[in-house]
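So the chains spell out like this:
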Amino acid sequence: MKKVLLFIIVTIFLPYSSLWAQYELKSWSFQPQAGVWFGPVAAVPGTELSRVLSTYLGGGIFGRANLPSNMFHSEVGASYNVYGRVGQEKLQVSPIYGAIDFKLPIEFALNFYFKGGAGGSYVKNSPENHSNWLPTGFFGFETSFPAGKWVNIGLRADYYLLYEKHLKPPVDNPGMKIINGHFINIGLMLNVNILAD
Amino acid sequence: MKNKKTVTRIIKFISITGLTFLYTCTGTPVLSDLVNSRISLILKGTYETNDPYPQGSLYMDDALTSGTLAVAPLNTSILSSDVNYFIDIAGIRVAKSSTQPTGSDSSSYWSMFAEERQVLCSTATGLAGYQLLDCLSDNNVAKLGQFFGEGFQYKAVDLPAGTYQRVAVFIRKMVTSPATLYDTNFAVKENLTTIFDNRTINGINLSDEILQYNPSDTLKSTPLLFPLDVKNAHIVIPGDNKPYVMEVRIFMHNLMMQHVISNGSKTTAIEPLTFAAVSDWQANHAATDITKSFSMGGNLLMNARIYVPGNTGSIIINESAAPAANKTYYAVVPSGTTFDPKTTLPYAATSQSAGAPGSTGTIKNLPPGTYDIYKTCDTKRMDTTGEVAGFDGFPETFDNCGTPVTVTAGASSTLDLATCATVITLCP
């Protein structure tokens with residue numbers, strides 16, 4: 001039984017490991033990209049904010065460059081997202097983040113990225129029009145395919161944690177319940193290779 | 001070399017975002033603000049802002065006390081305990097100016113802060129045993145009792161700071177039962193039915209025309225229930241974070257009257273219709289006028305105010321005379337403002353009850369300030385000749401005490417009406 005298992009594993013990984021080896025053998029070269037995205041944005045369903053904010057639209061820009069490795073990239077991005085346009089309440093969120101992207105090292109028609117990072121978000125609510133900057137955690141997933149030498153088209157899903165629990169309730173409303181914000185932004189994206197070989 | 005430069009750039013980017021992260025550690029909670037409403041919106045169906053009178057009997061319209069329709073069984077009293085109410089409210093809105101500028105769109109004029117529909121019902125059972133689903137849900141039968149008592153909580157979101165002059169309640173439907181149509185021999189022809197909450201119920205829809213249009217509005221061009229509004233509420237929402245209560249009152253409780261319409265079947269035949277609706281204190285209900293008998297709008301008044309819980313005081317009013325037989329109230333308005341009981345409800349009011357030395361009443365939840373004290377009472381009613389002595393539930397008569405009272409937070413101020421600058425004579 002053990003032998004059979006070993007055979008299966010080796011059979012699966014044999015071609016894969018050769019691809020890997022081939023990939024790593026490629027010499028590192030600087031591969032910057034710049035892109036835009038837009039799509040539906042929403043508070044994560046089930047969270048307290050999802051009860052007062054509805055799904056609306058967001059869009060953003062990002063830039064990316066690989067680190068001295070073809071698997072890891074650094075990414076910076078900024079976006080503008082509006083949540084909840086149905087009733088009176090509305091939230092505008094503009095995150096700026098830096099992230100490390102891990103590109104799945106497989107040779108396939110699609111590229112897959114997993115991202116993690118942090119930054120800050122400018123938030124402004126309506127109708128009170130209160131605003132602030134909040135520390136922000138960022139996780140993302142992206143899949144794209146190259147459409148020619150210059151352009152990549154894809155889909156990205158970003159999760160933002162807007163951390164607000166470090167703030168104290170206002171002195172004139174000590175009973176205020178402090179919450180964090182959880183948002184999910186999904187976007188169609190288009191990015192270009194700036195220095196295509 | 002090129003690689004090194006790139007790596008330095010990347011480190012710079014990450015440092016900038018890291019600094020942004022660290023920069024963000026003080027200030028107002030913005031997200032929490034969205035889920036913590038400062039506002040607590042209370043809707044009441046009473047003249048009084050606190051301690052309303054218990055439910056009294058229905059008043060009888062003059063057409064049922066004299067004339068050709070003042071005969072049995074038309075003038076057999078409808079008991080107030082037999083009256084069922086079904087009220088469907090689409091929402092409550094406020095606006096900064098009293099009138100919507102011509103050409104402006106509604107969404108920019110109104111602040112839509114309480115857009116959730118509320119249904120208030122006496123019962124959740126319709127005809128043929130069908131359940132009224134919206135009446136069943138959300139405790140809506142109990143809410144009607146609260147509406148005619150100390151009020152019920154209406155779901156609302158916060159308002160931007162500012163001064164709001166107009167407060168409007170959009171009443172989508174109002175039904176009362178029983179409503180009985182008689183034939184030309186005054187024998188019962190049918191119990192009227194209507195639709196509420198998608199089910200057939202006994203009753204008459206008062207909101208399609210009866211309470212919607214003033215009798216003088218022959219073209220039926222100005223709806224008075226959609227919305228029912230007050231245009232000089234002067235609600236000031238401060239720009240701080242303090243929770244506050246907005247109290248909206250519609251005077252219906254103890255203002256109900258038994259009415260009759262001679263051509264109830266809307267034909268020329270004298271087939272009377274009897275039903276319960278608000279009193280015709282403002283303009284006489286033309287019970288036998290074939291064009292106006294279905295119009296008695298304008299008899300509902302409303303008002304709104306705000307206060308910050310914990311920053312209020314009260315005024316205790318005493319007088320030596322025993323409580324009057326007719327409905328008598330103690331009312332206040334902020335000092336210096338004009339009080340006209342026929343155009344708007346007083347800022348705050350309470351019922352008169354027996355107490356030492358003879359009568360007493362406490363007006364609660366008043367923000368600190370100076371108030372003019374009034375005593376209001378019902379001494380008149382409408383008949384075909386106009387206003388005459390009688391009772392219709394509406395306290396149109398008033399006395400100004402003339403001695404303002406100052407309220408401080410957390411304290412009660414007491415006023416003996418015998419010490420008023422003006423002698424109370426009209427509401428003895």
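All values derive from a computational prediction rather than experimental measurement.

A. Layout of the side chain of Asn191 of chain A. All names here are of chain A. Mapped onto the elements of the fold, Asn191 is located in strand β8 (residues 181-193). Asn191 gets classed as buried once you look at its relative accessible area, which sits at 0%. At 3.1 Å, the side chain of Asn191 forms a polar contact with the side chain of Gln33. Ignoring anything within four residues of it in the chain, the contact list for Asn191 reads Gln33, Ala34, Gly35, Phe62, Arg64, Trp150, Val151 and Asn152.

B. Quick look at the interface of chain B and chain A. Chain B puts 35 residues into the contact, and the matching count from chain A is 52 residues. Overall, the association of chain B and chain A removes approximately 3700 Å² of surface from exposure, summing both partners, and the carbon and sulfur fraction of that is 67%. Between chain B and chain A we count zero salt bridges in total. Counting the contacts that link chain B with chain A gives 11 residue pairs in polar contact (both at pLDDT 80 or more). Elements with a contribution of two residues or more to the side of chain B that touches chain A: α1 (2-23), α2 (31-35) and β4 (111-114) of chain B. Of all the elements, α1 of chain B adds the most residues to the side of chain B that touches chain A, at 11 residues. Within the side of chain B that touches chain A, the residues separate by chemical class into 18 nonpolar, 12 polar and five charged.

C. Molecular detail of helix α5 (residues 140-147) of chain B. Residue and element names in this part refer to chain B. Those residues of α5 that sit buried are Asn140, Lys143, Leu144 and Phe147. Projected down its long axis, α5 carries its buried residues within an arc of 105°, all on one side. Its buried side turned inward, α5 meets β1 (39-44), β3 (84-95), β5 (118-121), α4 (133-136) and β6 (152-154).

D. Representation of the packing of aromatic side chains in the model. Residues and elements named next belong to chain B. Overall, the coordinates contain 27 aromatic pairs over all chains when judged by the stated rule. Pairing Phe251 with Phe394 gives two aromatic rings, centres 5.9 Å apart and planes at 35°, and the pair type is tilted. In this pair, Phe251 is assigned in the loop between β16 (244-250) and β17 (256-261) and Phe394 in the loop between β27 (386-389) and β28 (397-400), connecting sequence segments 143 residues apart. You'll find Phe251 and Phe394 in the same group, each marked buried.

E. Expanded view of the state of the cysteines. Residue and element names in this part refer to chain B. All chains considered together, the criterion is met by three disulfides over all chains. Bridging Cys377 to Cys427, the disulfide has an S-S length of 2.0 Å. Negative torsions about the S-S bond denote left-handed disulfides, and the value of about -85° found for Cys377 with Cys427 makes this one left-handed. Taken together, the residues Cys377 in strand β25 (residues 369-377) and Cys427 in the segment after β30 (412-416) connect sequence positions 50 residues apart. The pair Cys377 / Cys427 is uniform in exposure class, with both members buried. Each disulfide pairs two cysteine sulfurs, and for Cys401 the partner residue is Cys420, the sulfurs being separated by 2.0 Å. Taking the torsion about the sulfur-sulfur bond, which here is approximately -105°, the covalent link between Cys401 and Cys420 counts as left-handed.

F. Spotlight on the sheet that holds β1 of chain B. Residues and elements named next belong to chain B. Strand order in the open sheet made by the four strands is β6-β1-β16-β19, with mixed pairing throughout. For this open sheet the edge positions go to β6 and β19 (302-307), each flanked by a neighbour on one side alone. Each strand of the sheet is rotated relative to its neighbour by a mean of 30°, with strand direction disregarded. Across six bridges, β16 lies against β19 in antiparallel orientation. Across the sheet, Val245 pairs through a bridge with Tyr307, a residue of β19.

The rules we used
- Residues numbered from 1 in each chain as written.
- Chains lettered and ligands numbered in written order.
- Predicted model: local features only at pLDDT ≥ 70, side-chain atom pairs only at ≥ 80, totals over all residues.
- Heavy atoms only, no water.
- Helix = DSSP H or I, 4+ residues; strand = E, 2+ residues; numbered from the N terminus.
- Buried < 20%, exposed > 50% of the residue type's maximum accessible area, 1.4 Å probe, protein only.
- Polar contact = N/O pair within 3.5 Å; in protein donor to acceptor, adjacent residues only side chain to side chain.
- Contact = heavy atoms within 4.5 Å.
- Buried area = accessible area lost by both parts, 1.4 Å probe.
- Salt bridge = Lys/Arg side-chain N within 4 Å of Asp/Glu carboxyl O.
- Nonpolar A, V, L, I, M, F, W, Y, C, P; charged D, E, K, R; others polar.
- Arc of directions from axis to C-beta.
- Phe/Tyr/Trp six-rings, centres within 6.5 Å; stacked < 30°, edge-to-face > 60°.
- Disulfide = S-S within 2.5 Å.
- Pairing = 2+ DSSP bridges.
- Axes fitted to C-alpha atoms, helices over the stretch in contact; angles between N-to-C directions.

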